[in-house]
Amino acid sequence: MFYRETGNFRASYAQDARIFPLALDRTALLVLLALAVIVVPSVASPWLLMAILIPWLILSLAAMGQNIITGYTGQLSIGSAGFMAVGAFACFNFMLRIEGMPFLLAVLLAGLTTAAVGVAFGLPSLRVRGLYLAVTTLAAQFFIVWALENVGWFTNYDPAGVMTAQPMIILGYHFDTPAEKYLLVLAIVGGLALAAKNMARSNIGRSWMAVRDMDVAAEVVGFRLVRTKLLAFAISSFYCGVAGALFAFAYLGAVEPTTFSILLSFQILFMVIIGGLATILGSFLGAGFILLLPIFLAIFFGFVTGVTGVAYDRALLSAFEVLLFGAFIIFFVIVEPHGLARLWQVTKERLRLWPFPH
Amino acid sequence: MSDIGHPRNPTRRAAARTMAVGAAAAALVGAPMLSAQARAQQYIGLPSYRVGPFAAAGTGVFGGIIDVMTYTNMTGGINGVELIWQECETEYIPARGIECYHRLLTWGAHRNIIFNPGSTPMVYALKARAAADRVVLLQVGLGRSDAADGRVFPWLFDLLTNYWSGASAMINWIGARAGGMERLRGKKIVHLYLDNAFGREPLPVFRALAPRLGYTLIELPVALPAGLEQGAQWTRIRAERPDWVILWGFGPGMSSTALTSAARVGYPREQMLGIWWQGAEEDVVPAGPAARGYYATAITPGGRDFGIVREIERVVYGAGRGNLGDRARIGSVYWNHGVVVGSAWMEVLRIAQARFGRGQVLDGEQVRWGFENLNLTEARLRELGLHGLMPPMRLSCADHEGAGVIKVMQWDGARWNIVTPEWVSSDRAMVRAMVEESAARFARENNITPRVCPT
């Protein structure tokens, strides 16, 4: 009724190539952005910003990186947390060792460093596929964390092997409060999400998907395999690296290499699978699901305990939260194997026919 | 709090459920509003880990802290001020800890004053945030050792003993057992450690002492996450035949693997000395008879024969309001640790109230003042029933560590027996010099101007 294509005419190529062809979608997005930029920072509590929104945005970025390599290019990689670690420690070292290094440039350089590392570990993808590739990227995960732990130079010989992030200063302005950090993260993640979306629907993305669907066929129609696969690894690692730098600088403030453990890698992989492979929206939805559901379950049970006045055994309750979280994952994977993004797609299609479905 | 062993009253549950619907709206405004506002209330946000690989430590430590607070409330509060708290499960995951920190920071109109995550990574991640929010951050028996310099880390407190003091005291005890520090010359000491920031923390001390005392240090890292792969390390130990193996790990997995491996290669357990995180009942029971004879350090020894422990058992558990699910764990090492930590908080609150007004609700700055003026003398510890459970200690503006001493216990197959009636001290001058040097370096790198402390 409200949501339909009628009246949306595409009169030029520019209009035809829009990400959101429907006027209603564009308005909704603008309203959402205005909310996120203007309303949220002034209203949200530090808890909402620091514990929910900032990690959600950063992990969405990492999930986008994972999605590029796994969702779009079809290369199963389990090294994204390792690449995040490279980004975090590269950013730290650029800030530390180069006098007057601007923060944004350090983040960019950290991303490029990670891209280089990603290409190096992506080389086996030219020879091995599927689960075997997963094993070689697993090696990347362990090697990177091991190297950061055992080579003192990376952490500037900190006795405990922990890096403490320097203040984020852009053009003399300190990004210090939760709201400022949130806006900075939002700007970077928003920009990179737009870039990812455009890559995905342009020639680059099509080459990735061609390789994913059948690499021999892709080669036959003229895509160079080496270039395509390594480009995917580079860009995916770039995204993970920037996410890692933000994770350290805007979120945790101090990290040790083990923060970027294999568990985080798996979490990011699950974000992509639950959110939806080969969708940018899915990266955001999946990150939200994996990150936020346990928190809301904990709050919900705390709320129930507070209201009923019945004191449950805390240990049992915490274990039950984990159990329920697992059950939710199984439920969503069964109900919609194509991910949460697909659910949104289906909702939109239903909405077009509403209220008279045929 | 726990309901194990106390069957729930079904009618009470049903009544509670019907009440829940009505109360839900009110609770949205703020849970604390529901309770009587007649008494002043001091709120403490309590992160804990009751699930995950370190649940054995978490249930004990945080259970002990809660039992002390319940005990305080049941015996009149802090000069009439009631303690209230909210728990938040971190699972020992740093990101969850940060979420908990922000969630617990405020509760209704209350504001948190103390955050005790019981996790080194969380302390690292939160130290800047807590200082900005004026919340006292605690790292009791863990964390970065150079935080003992209160001039550089005003909001971070150790309370008992940090890793560097612990390492130094361990060497002192080994020396004393050998019959004097000069007897350490020519001895071989293995540092068998979990290969992360925690396991590497004491290395500067062991390395600095090795040439001075003439012992050979062999460093054997064990891989993360839980330190279960120790085959190669024990082959090496069998070949080297060291005089002592120092076990520096966390969690029952690592300790029981080490103890059973030692039994397999025939290395005497009487020559193994564990860090305090490998010295609880839970850490040795899985190893069974292989653990007999093993020594471990303690910053808070186990046992029920302490005034405060008997009081809590009588008052709190007698009324069925204890936090431990299993009453047999009263007096266990981890639970006693929580009791010591909680009791120290209560004393800090009393000291701060004496300064800023009895019966007052305190803010973070006032509580921090209380910590820096904490003075637990021998006499005061006897009054509080803490004698023997913790060393006499005094914090100050410059010294946030306090005691820097340990006890040593030996496992006899059924319980821990304290083998050092007196506290074993560390080389305070050496450790303090290292602390100040490291803290000064941290201050330089992070553009912190150290406070000037009155001398």
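The structure displayed is predicted, hence computed values, not measured ones. (Residues numbered from 1 in each chain as written. Chains lettered and ligands numbered in written order. Predicted model: local features only at pLDDT ≥ 70, side-chain atom pairs only at ≥ 80, totals over all residues.)

Visitor: What's the story with the overall build of chain B in this structure? I'm lost.
Guide: Within chain B, the regular secondary structure consists of 15 helices and 17 strands. Computed over the C-alpha atoms, the radius of gyration of chain B is 22 Å, within 12% of the 23 Å expected from 2.2 N^0.38 for a compact globule of 455 residues. Taken over the C-alpha atoms alone, chain B extends approximately 70 × 55 × 40 Å along its principal axes. The 455 residues of chain B split such that 54% are buried. A fraction of 70% describes how many contacts in chain B between residues 6 or more apart in sequence connect residues 24 or more apart. (Helix = DSSP H or I, 4+ residues; strand = E, 2+ residues; numbered from the N terminus. Rg over C-alpha atoms; globule rule 2.2 N^0.38 Å. Buried ≥ 20, exposed ≤ 12 C-beta atoms within 10 Å, placed from the backbone. Contact = placed C-beta atoms within 7 Å.)

Visitor: Is there a simple way to think about the overall build of chain A in this case?
Guide: When its secondary structure is counted, chain A shows 14 helices and four strands. By the compact-globule yardstick of 21 Å for 358 residues, chain A fits well, its C-alpha radius of gyration being 22 Å. Projected onto the principal axes, the alpha-carbon positions of chain A cover approximately 70 × 70 × 45 Å. Counting all 358 residues of chain A, 45% fall into the buried class. Long-range contacts, defined as pairs at least 24 residues apart, comprise 76% of the intrachain contacts of chain A with a sequence gap of at least 6.

Visitor: I tried to follow the packing of helix α5 (residues 103-122) of chain A against helix α10 (residues 225-252) of chain A on my own but got confused; where do I start?
Guide: The axes of two packed helices give the description: the angle between them and the distance between them. All names here are of chain A. At a closest axis distance of 7 Å, the pairing of α5 and α10 adopts a crossing angle of 140 degrees. Here α10 runs oblique to α5, going by the angle between their axes. Read as a crossing pair, α5 and α10 show a hand that is right-handed. The residues of α10 that touch α5, namely those facing Val107, Ala110, Gly111, Leu112, Thr113, Thr114, Ala115, Val117, Gly118, Val119 and Gly122, are Lys229, Leu230, Phe233, Ala234, Ser236, Ser237, Phe238, Cys240, Gly241, Val242 and Ala245. Taken together, the residues of the contact of α5 with α10 break down into 13 nonpolar, eight polar and one charged. (Axes fitted to C-alpha atoms, helices over the stretch in contact; angles between N-to-C directions. Parallel < 35°, antiparallel > 145°, perpendicular 65-115°, else oblique. Left-handed = near helix turned anticlockwise from the far one by under 90°. Nonpolar A, V, L, I, M, F, W, Y, C, P; charged D, E, K, R; others polar.)

Visitor: In this structure, what is going on with the environment of Arg177 of chain B? I would like to understand it.
Guide: Residues and elements named next belong to chain B. As for its placement among the helices and strands, Arg177 is situated in helix α5 (residues 163-178). A count of 16 C-beta atoms within 10 Å places Arg177 in the partly exposed class. In this structure, the C-alpha to C-alpha distance between Arg177 and Lys188, residues 11 residues apart in sequence, is 14 Å.

Visitor: Looking at this structure, how should I read the packing of helix α8 (residues 203-213) of chain A against α10 of chain A?
Guide: Residues and elements named next belong to chain A. Look at α8 against α10: their axes get within 10 Å of each other, and the N-to-C directions meet at 105 degrees. Between α8 and α10, the angle is such that the two are roughly perpendicular. Residues Ser207, Trp208 and Val211 of α8 form the contact with α10, whose participating residues are Leu225, Thr228, Lys229 and Ala232. Across the contact of α8 with α10, the residue classes break down as four nonpolar, two polar and one charged.

Visitor: What am I meant to see in unusual backbone geometry here?
Guide: Leaving glycine out, the prevailing phi sign among residues is negative, and the prevailing peptide bond configuration is trans. Looking along the chain, the bond that leaves Trp354 of chain A and enters Pro355 of chain A is cis, with omega of 0 degrees. As for its position among the elements, Pro355 of chain A is in the segment after α14 (340-353). Even without being a glycine, Glu91 of chain B presents a positive backbone phi close to 55 degrees. With respect to the helices and strands, the residue Glu91 of chain B is situated in the loop between β2 (82-89) and α3 (94-105). The residue Leu159 of chain B is not glycine, and still its phi comes out positive at about 85 degrees.

Visitor: Help me out: how do you make sense of helix α7 (residues 203-213) of chain B in this one?
Guide: Because each turn of an α-helix spans 3.6 residues, side chains separated by three or four positions in sequence point in the same direction. Residues and elements named next belong to chain B. Taken together, the buried positions of α7 are Val205, Phe206 and Leu209. Summarising the axial view, the buried residues of α7 lie within an arc of 90 degrees, below the 170-degree limit, and thus occupy one face. Opposite the packed face of α7, turned more than 90 degrees from it, sit the exposed residues Arg207 and Pro211. Among the structural elements, α5, β8 (188-194) and β9 (216-222) are those in contact with the buried residues of α7. Following α7 by one or two positions, Gly214 adopts a phi angle in the positive range, close to 85 degrees. (Arc of directions from axis to C-beta.)

Visitor: Just to check I follow, could you spell out the nonpolar core for this structure?
Guide: It is characteristic of soluble globular proteins that their nonpolar side chains tend to be buried jointly. Grouped together as the largest cluster of nonpolar side chains are 239 residues, with contacts concentrated most on Ile58, Cys91 and Leu246 of chain A. Counting contributing residues per domain, this core is built from domain 1 (38-161 + 304-404 + 436-445) and domain 2 (164-298) of chain B, each supplying no fewer than three. In this structure, Leu246 of chain A is in contact with Ile58, Val185, Ile188 and Tyr251 of chain A, ignoring residues within four places of it in sequence. (Core = buried A, V, L, I, M, F, W, Y, C linked by C-beta atoms within 7 Å. Domains from an automatic or database assignment.)

Visitor: Looking at this structure, how should I read the pairing of strand β10 (residues 244-248) of chain B?
Guide: For a regular strand, side-chain orientation follows a simple rule: the groups alternate between the two sheet faces. Residue and element names in this part refer to chain B. Burial of β10 is extensive: five of the five residues sit out of reach of the surface. Residues Trp244, Ile246 and Trp248 line one face of β10 and the alternating positions Val245 and Leu247 line the opposite face, and both faces are buried. Summarising the sheet, β8 and β10 pair through five bridges and their orientation is parallel. Bridged to Tyr193 within β10 is Trp248. Taking the sense of rotation as the criterion, the β-α-β connection linking β10, helix α9 (residues 252-265) and strand β11 (residues 272-274) turns out right-handed. (Pairing = 2+ DSSP bridges. Right-handed = clockwise from strand over helix to strand, strands pointing away.)

Visitor: I tried to follow the sheet that holds strand β5 (residues 114-115) of chain B on my own but got confused; where do I start?
Guide: In any sheet, the strands associate via hydrogen bonds between backbone groups, in a parallel or an antiparallel arrangement. Residues and elements named next belong to chain B. Pairing is parallel in the open sheet, where three strands are placed in the order β5-β6-β7. Two strands close off the open sheet at either side, each with one partner strand: β5 and β7 (156-157). Strands in contact with helix α4 (residues 120-133) are β5, β6 (136-138) and β7; relative to β6, the strand with the most contacts, it is inclined by about 165 degrees.

Visitor: Even after reading the chapter, I still don't get the environment of Ser332 of chain B, so can you show me in this structure?
Guide: Residue and element names in this part refer to chain B. Mapped onto the elements, Ser332 comes out in the loop between α11 (307-317) and α12 (333-356). For Ser332, a count of 25 C-beta atoms within 10 Å gives the class buried. With 207 residues separating them along the chain, Ser332 and Ala125 place their C-alpha atoms 30 Å apart. In this structure, Ser332 is in contact with Gly60, Ala280, Glu281 and Gly302, ignoring residues within four places of it in sequence.

Visitor: How should I be thinking about the confidence of the model for chain B in this particular structure?
Guide: One rule of thumb: low pLDDT means the predicted coordinates there are not for detailed reading. All names here are of chain B. Overall, the predicted model of chain B reaches an average pLDDT of 87, with 91% of residues at or above 70. When pLDDT is averaged over each helix and strand of chain B, the minimum, 42, is found for helix α1 (residues 10-29) and the maximum, 96, for β5. This stretch, residues 1-37, has a pLDDT under 50; its non-local contacts, to residues over four places away or in other chains, come to 38 contacts. Here the complex is predicted with pTM 0.83, and the ipTM for its interfaces comes to 0.79. (pLDDT = per-residue confidence, 0-100.)

Visitor: Quick question: what am I supposed to make of the pairing of strand β12 (residues 295-298) of chain B here?
Guide: Residue and element names in this part refer to chain B. Of the two faces of β12, the one lined by Tyr295 and Thr297 and the one lined by Ala296 and Ala298 are each fully buried. Here β11 runs beside β12; their pairing, made up of two bridges, is parallel. In the strand pairing of β12, Leu273 is matched with Tyr295.

Visitor: Any chance you could explain the domain arrangement of chain B here in plain terms?
Guide: How large an interface is tends to be reported as the accessible area lost when its parts come together. Residues and elements named next belong to chain B. Here the domain parsing of chain B yields domain 1 (38-161 + 304-404 + 436-445) and domain 2 (164-298). Each of domain 1 and domain 2 was reduced to a C-alpha centroid, and the two centroids are 29 Å apart. Of the residues lining the interface, 12 residues belong to domain 1; the matching set on domain 2 comes to 16 residues. For the side of domain 1 that touches domain 2, the per-class residue count stands at five nonpolar, six polar and one charged.

Visitor: Please clarify how α3 of chain B should be interpreted in this entry.
Guide: Residue and element names in this part refer to chain B. Between the first and last C-alpha of α3 there are 16 Å, a value that for 12 residues agrees with the 16 Å anticipated at 1.5 Å per step. Of all 12 residues in α3, 12 are buried; the element is thus mostly enclosed. Among the residues of α3, Pro94, Ala95, Arg96, Gly97, Ile98, Glu99, Cys100, Tyr101, His102, Arg103, Leu104 and Leu105 are the ones counted as buried. (Expected span 1.5 Å × (residues − 1).)

Visitor: It is not clear to me how the environment of Ile144 of chain A should be interpreted in this structure. Could you clarify?
Guide: Residues and elements named next belong to chain A. Position of Ile144 relative to the elements: it lies in helix α6 (residues 130-150). For the pair formed by Ile144 and Ala85, sequence separation is 59 residues and the distance between their alpha carbons is 7.6 Å. Not counting residues within four places of it along the chain, the set of residues in contact with Ile144 comprises Gly82, Ala85 and Val86.

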